[in-house]
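Fold and contact review
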Amino acid sequence: MQIFGVDIGGSGIKGAPVDLDKGDLAQERFKVLTPHPATPDAVADGVKEVVDHFGWTGPVGLTFPGVVTGGAMIRTAANVDRSWVDTDARALFGERLGGLPVTVVNDADAAGVAEMSFGAGRGRRGTVVLLTFGTGIGSAVFADGVLVPNTELGHLELGGHEAEKRASSKAKEDHDLTWEHWARRVTKYLAHVEMLFSPELFIIGGGVSRKSQKFLHLLEGVRAEVVPAQLQNDAGIVGAAMRAVKES
């Protein structure tokens, strides 16, 4: 079975048909840059471009980098334009995509669901925390495989600052940090999350998961097991498609 998934991020909008039997992309993903400012209409245009690229005419699952309630309503918008707040994203995208059935979910929650079903979290019980490091830091928390939605742990305080301003991939680039320096910040952040949730497993996702060999060995002093996401930066697309099936 194939369903289309779209992952909306602070820097890019990417999507592809997803093979839900395998938990993998059925075709090579297509990506466009996230517009700036990332207003609802501008982002919807980008989503339409991605979906139209494949000539897709069925259900579409989309991720959003913020709190999403009821598969539709946007409650926060940290890394996109503030005009997203209180937007009915399902109605907006559904209209822009010509009436296709649409479901919207928090981006890290989508990635987490995919990793728990097909990736690094498959078969794991207890408390599992997936963290996506990109423009910000997204989070997905699972208790015995059950998602606690919209946790948004990237906004915890770290060193007097919002954690994602100090330890995201964007922060590494913006401040020209070495892998060693960045890893020290990530370690402090993981230790803080560990103190709050006592997970058995951390899954590190987002684009940086492709480079896990550069930093994973530098994360010292964390008691939980720390592993890279197996689906890497495709997890959000797969999870979005999975949610679209669940909601349809």
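In the block above lies the structure referred to throughout.
Since the structure is predicted, the reported quantities are computational estimates derived from the model, not experimental observations. Here, residues in each chain are numbered from 1, in the same order as that chain's written sequence. Restriction of local features to residues with pLDDT of at least 70 applies here, the model being predicted, together with a cutoff of 80 or more for giving and counting side-chain atom pairs; totals for whole chains, interfaces and linings are based on all residues. Hydrogens and water are ignored here; the side-chain numbers use all heavy atoms of the structure.

Description of the overall build of the protein
Basically, it comes down to this: To qualify as a helix, a DSSP run of H or I must reach at least 4 residues; to qualify as a strand, a run of E must reach at least 2; elements of each kind are numbered from the N terminus. Restricting the calculation to C-alpha atoms gives the radius of gyration, and the globule rule supplies 2.2 Å times the number of residues raised to the power 0.38. Burial here depends on accessible area, computed with a 1.4 Å probe over protein chains only, as a share of the maximum for the residue type. Under 20% is buried, over 50% is exposed, and the range in between is partly exposed. Here the open area of atoms and residues is found with the Shrake-Rupley method and a 1.4 Å probe, where only the protein chains shown may cover a residue. Here Asp and Glu are counted as negative and Lys and Arg as positive; His is not counted, and neither are the chain ends. Where a charge lies is defined by one atom per residue type: Lys uses NZ, Arg uses CZ, Asp uses CG and Glu uses CD.
Of the regular secondary structure elements, the protein holds seven helices and 15 strands. Taken over the C-alpha trace, the protein has a radius of gyration of 17 Å; the compact-globule value for 248 residues is 18 Å, and the two agree within 12%. The principal-axis extent of the C-alpha atoms belonging to the protein is close to 50 × 40 × 30 Å. Looking at the protein as a whole, 56% of its 248 residues qualify as buried. For the protein, the exposed surface amounts to about 10,700 Å²; the carbon and sulfur share of it is 48%. Positive and negative side-chain charges of the protein, numbering 25 and 31 respectively, have mean locations separated by a distance of 4 Å.

Quick look at the environment of Ala-183
Under the convention used in this document: Two residues form a contact once any of their heavy atoms are found within 4.5 Å.
Following the sequence through the fold, Ala-183 ends up in helix 6 (residues 179–197). Looking at Ala-183, the relative accessible area reads 0%, which means it is buried. Each C-alpha atom, one on Ala-183 and one on Ala-167, is 8.3 Å from the other, the two residues being 16 residues apart in sequence. Setting aside chain neighbours within four positions, we find Ala-183 in contact with Phe-215, Leu-218 and Leu-219.

Concerning the packing of helix 3 (residues 107–118) against helix 7 (residues 235–247)
Cut-off, in case you're wondering: Axes, fitted as lines to C-alpha atoms, cover a helix only where it is in contact. Angles between the N-to-C directions of the axes lie from 0 to 180 degrees. Each angle gets one of four labels, with under 35 degrees taken as roughly parallel, over 145 as roughly antiparallel, 65 to 115 as roughly perpendicular, and the rest as oblique. In the scheme used here, Gly and all other residues not listed as nonpolar or charged are polar, with Ala, Val, Leu, Ile, Met, Phe, Trp, Tyr, Cys and Pro taken as nonpolar and Asp, Glu, Lys and Arg as charged.
As a packed pair, helix 3 and helix 7 sit with axes 7 Å apart at the nearest point and diverge in direction by 90°. Relative to helix 7, the element helix 3 is oriented roughly perpendicular. Taken together, the residues of helix 7 that come into contact with helix 3 (itself represented by Ala-110, Ala-111, Val-113, Ala-114, Glu-115, Ser-117 and Phe-118) are Ala-235, Gly-236, Val-238, Gly-239, Ala-240, Met-242 and Arg-243. Class assignment for the residues of the contact of helix 3 with helix 7 results in nine nonpolar, three polar and two charged.

Observations regarding the nonpolar core
Stated formally: In these notes, a set of buried Ala, Val, Leu, Ile, Met, Phe, Trp, Tyr and Cys residues joined through side-chain atoms within 4.5 Å is what counts as a nonpolar core.
Core analysis: the biggest nonpolar cluster contains 53 residues, and Val-6, Val-47, Leu-62, Trp-84, Phe-93 and Val-104 have the highest contact counts within it. The leading source of residues in this core is helix 7, at six residues. The residues contacting Val-47, other than those within four sequence positions of it, are Val-6, Ile-8, Ile-13, Leu-62, Phe-93 and Leu-97. Among the nonpolar cores identified, the runner-up in size contains 26 residues, and Val-129, Ile-137, Leu-153 and Leu-158 belong to it.

Remarks on unusual backbone geometry
In this model, His-36 is joined to Pro-37 through a cis peptide bond whose omega is 5°. Look at Asp-86: it is not a glycine, yet its phi comes out positive at around 70°. Along the chain, Asp-86 turns up in the loop between strand 7 (73–74) and helix 2 (89–96). You will see that Asn-150, though not glycine, has its phi angle at about 60°, which is positive.

With respect to the pairing of strand 14 (residues 201–205)
This is how the line gets drawn: DSSP bridges decide pairing: two strands pair if at least two such bridges lie between them.
Burial runs high along strand 14: five of the five residues are buried. Residues Leu-201, Ile-203 and Gly-205 of strand 14 are buried on one face, and the alternating residues Phe-202 and Ile-204, pointing to the opposite face, are buried as well. The pairing of strand 9 (residues 127–133) with strand 14 spans five bridges and is parallel. Bridging across to strand 14, Leu-130 finds its partner in Ile-203. With four bridges connecting them, strand 14 and strand 15 (residues 225–228) associate as parallel partners. In the sheet register, Ile-204 faces strand 15, and the bridge partner there is Pro-228.

Digging into the packing of aromatic side chains
How two aromatic rings sit relative to each other is given by the distance of their centres and the angle of their planes. What counts is decided by this rule: Centre distance within 6.5 Å is the pairing criterion for rings of Phe, Tyr and Trp, where only the six-membered ring of Trp is used; planes under 30 degrees apart are then read as stacked, over 60 as edge-to-face, and the remainder as tilted. Comment: the charge-over-ring label is applied if NZ (Lys) or CZ (Arg) is within 6 Å of the ring centre and within 35 degrees of the ring normal.
This model, assessed by the stated rule, comprises nine aromatic pairs. Plain terms: the ring middles of Phe-133 and Tyr-189 are 6.4 Å apart, the flat faces sit at 90° to each other, and that makes the pair edge-to-face. Here Phe-133 is found in strand 9, whereas its partner Tyr-189 is found in helix 6, with 56 residues between them in sequence. Tyr-189 shares its class with Phe-133; the two are buried. With a centroid separation of 5.8 Å and 10° between ring planes, the pair formed by Trp-179 and Phe-215 is classed as stacked. Taken together, the positions of Trp-179 in helix 6 and Phe-215 in the loop between strand 14 and strand 15 put the pair 36 residues apart, joining distant regions of the chain. We note that Trp-179, like Phe-215, is buried. By the ring-pair criterion, three or more aromatic residues cluster together here, those being Phe-133, Trp-179, Trp-182, Tyr-189 and Phe-215. Above the ring of Trp-179, the side-chain terminus of Lys-172 is found at 4.3 Å from the ring centroid.

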